[in-house]
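Structural features, examined
Listed below are the residues making up each chain.
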Amino acid sequence: ALAKIRKQVGEEVWWASYQQQPQAPGIATFTEERIQQARDPLRIVRDLLANGTYTDRIGRRLLAVAAELLRLCGWVAYDSNDVGRAQRYWVAGAKQAKVAGDTAMGAHIIASLANLSRKASDFGSAVAQAEDAKMHYSGESPKVKARLHLQAAMCYASVGDRLRCQRDLGAAEDLVPR
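Computed from a predicted structure; not experimentally measured. (Residues numbered from 1 in each chain as written. Predicted model: local features only at pLDDT ≥ 70, side-chain atom pairs only at ≥ 80, totals over all residues. Heavy atoms only, no water.)

1. Some thoughts on the confidence of the model for the chain
The predicted structure's coordinates, where accompanied by low pLDDT, should not be read in detail. A residue-level look at the chain finds 83% of positions with pLDDT of 70 or above and a mean pLDDT of 82. Predicted confidence is poor over residues 1-30, with pLDDT under 50, and the contacts of this stretch with residues over four places away or in other chains come to 35 contacts. (pLDDT = per-residue confidence, 0-100. Contact = heavy atoms within 4.5 Å.)

Dropping the structure here:
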């Protein structure tokens, strides 16, 4: 059902249009137009949440879709070097994920915030957010857990904490099927 909703709100169309755009080698050249394209589906979901009538279960799914779209908008802004906007999208997305009860999405978004802090050389916040992302996730997906451990390892490497970096790298490696 979520894939159907994603298709209806245009995520696949957005990615198709992005992939057809000429790009500088290794650099994503997102423009304000692409940020707008990422926000359009979010407006649809927000209108449904504000004006629609739905069950609690459907409401939580709509909130989860909003969180996922906010995560996408955050990455579009981040790739456009608009880190302030990326942070605002991700904070809003983390709140939506929490209300929706989607711990995997919330953890992914918090890990994105940790990456943002690490890139801004705010290493203390990066480590705290990476650890928060691991604690926030209550699911059992090895892929999600591995991604969170890898993010934590990068944050620990940034502060020169070799022991914790190796611990999280080892934990991520143990979660990946061979």
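On we go.
2. Section: the nonpolar core
Counting residues in each nonpolar core, the largest one holds 28 residues, and the members touching the most others are Leu 42, Val 45, Leu 49, Tyr 89, Trp 90 and Ile 109. Elements with a minimum of two residues in this core: helix H3 (32-51), helix H4 (56-79), helix H5 (83-100) and helix H6 (103-119). By residue number, the principal contributor to this core is H4, which donates 13 residues. In this structure, Ala 126, Cys 155, Tyr 156 and Cys 165 belong to the second largest nonpolar core, which totals nine residues. (Core = buried A, V, L, I, M, F, W, Y, C linked by side-chain atoms within 4.5 Å. Buried < 20%, exposed > 50% of the residue type's maximum accessible area, 1.4 Å probe, protein only. Helix = DSSP H or I, 4+ residues; strand = E, 2+ residues; numbered from the N terminus.)

3. Structural notes on H5
When the terminal C-alpha atoms of H5 are compared, their 25 Å separation across 18 residues agrees well with the 26 Å that a helix rising 1.5 Å per residue should span. Every buried residue of H5 is accounted for by Arg 85, Ala 86, Tyr 89, Trp 90, Gly 93, Ala 94, Ala 97 and Ala 100. Looking at the buried side of H5, the elements it contacts are H3, H4 and H6. Of the residues trailing H5, Gly 101 is marked for its positive phi of about 80 degrees. (Expected span 1.5 Å × (residues − 1).)

4. So, the environment of Arg 167
Mapped onto the elements, Arg 167 comes out in helix H9 (residues 162-175). Residues Arg 167 and Tyr 156, eleven residues apart in the sequence, show an inter-C-alpha distance of 9.8 Å. For Arg 167, the residues in contact, after removing those within four places along its chain, are Glu 131, Lys 134 and Tyr 156. A distance of 3.2 Å separates polar atoms of two side chains, one belonging to Arg 167 and the other to Asp 168. (Polar contact = N/O pair within 3.5 Å; in protein donor to acceptor, adjacent residues only side chain to side chain.)

5. Topic: the pattern of salt bridges
Taken as a whole and judged by the stated rule, the model has nine salt bridges. The closest approach of N and O atoms between Asp 56 and Arg 60, which form a salt bridge, is 3.3 Å. One end of the pair, Asp 56, and the other, Arg 60, are both in helix H4, four residues apart, so they sit about a helical turn from each other. For the salt bridge of Arg 167 with Asp 168, the shortest nitrogen-to-oxygen distance reads 3.2 Å. On the basis of relative accessibility, which here comes to 43%, the residue Arg 167 falls in the partly exposed class. Salt bridges sharing common partners tie together Glu 131, Lys 134, Arg 167 and Asp 168. (Salt bridge = Lys/Arg side-chain N within 4 Å of Asp/Glu carboxyl O.)

6. Concerning the environment of Ser 158
Here Ser 158 lies in helix H8 (residues 142-158). Overall, Ser 158 belongs to the partly exposed group, its relative accessible area being 28%. C-alpha of Ser 158 to C-alpha of Val 127: the two residues are 31 residues apart in sequence and 9.0 Å apart in space. In this structure, Ser 158 is in contact with Arg 118 and Phe 123, ignoring residues within four places of it in sequence. At 3.0 Å, the side chain of Ser 158 forms a polar contact with the backbone oxygen of Met 154.

7. Some words on the packing of helix H7 (residues 123-136) against H8
Contact geometry for H7 and H8: axes closest at 9 Å, N-to-C directions at 160 degrees. The orientation of H7 relative to H8 falls into the category roughly antiparallel. At the point where H7 passes H8, the crossing takes the left-handed sense. Contact residues: H7 offers Phe 123, Ala 126, Val 127, Ala 130, Glu 131, Ala 133 and Lys 134, while H8 offers Leu 148, His 149, Gln 151, Ala 152, Cys 155, Tyr 156 and Ser 158. A per-class count over the contact of H7 with H8 returns nine nonpolar, three polar and two charged. (Axes fitted to C-alpha atoms, helices over the stretch in contact; angles between N-to-C directions. Parallel < 35°, antiparallel > 145°, perpendicular 65-115°, else oblique. Left-handed = near helix turned anticlockwise from the far one by under 90°. Nonpolar A, V, L, I, M, F, W, Y, C, P; charged D, E, K, R; others polar.)

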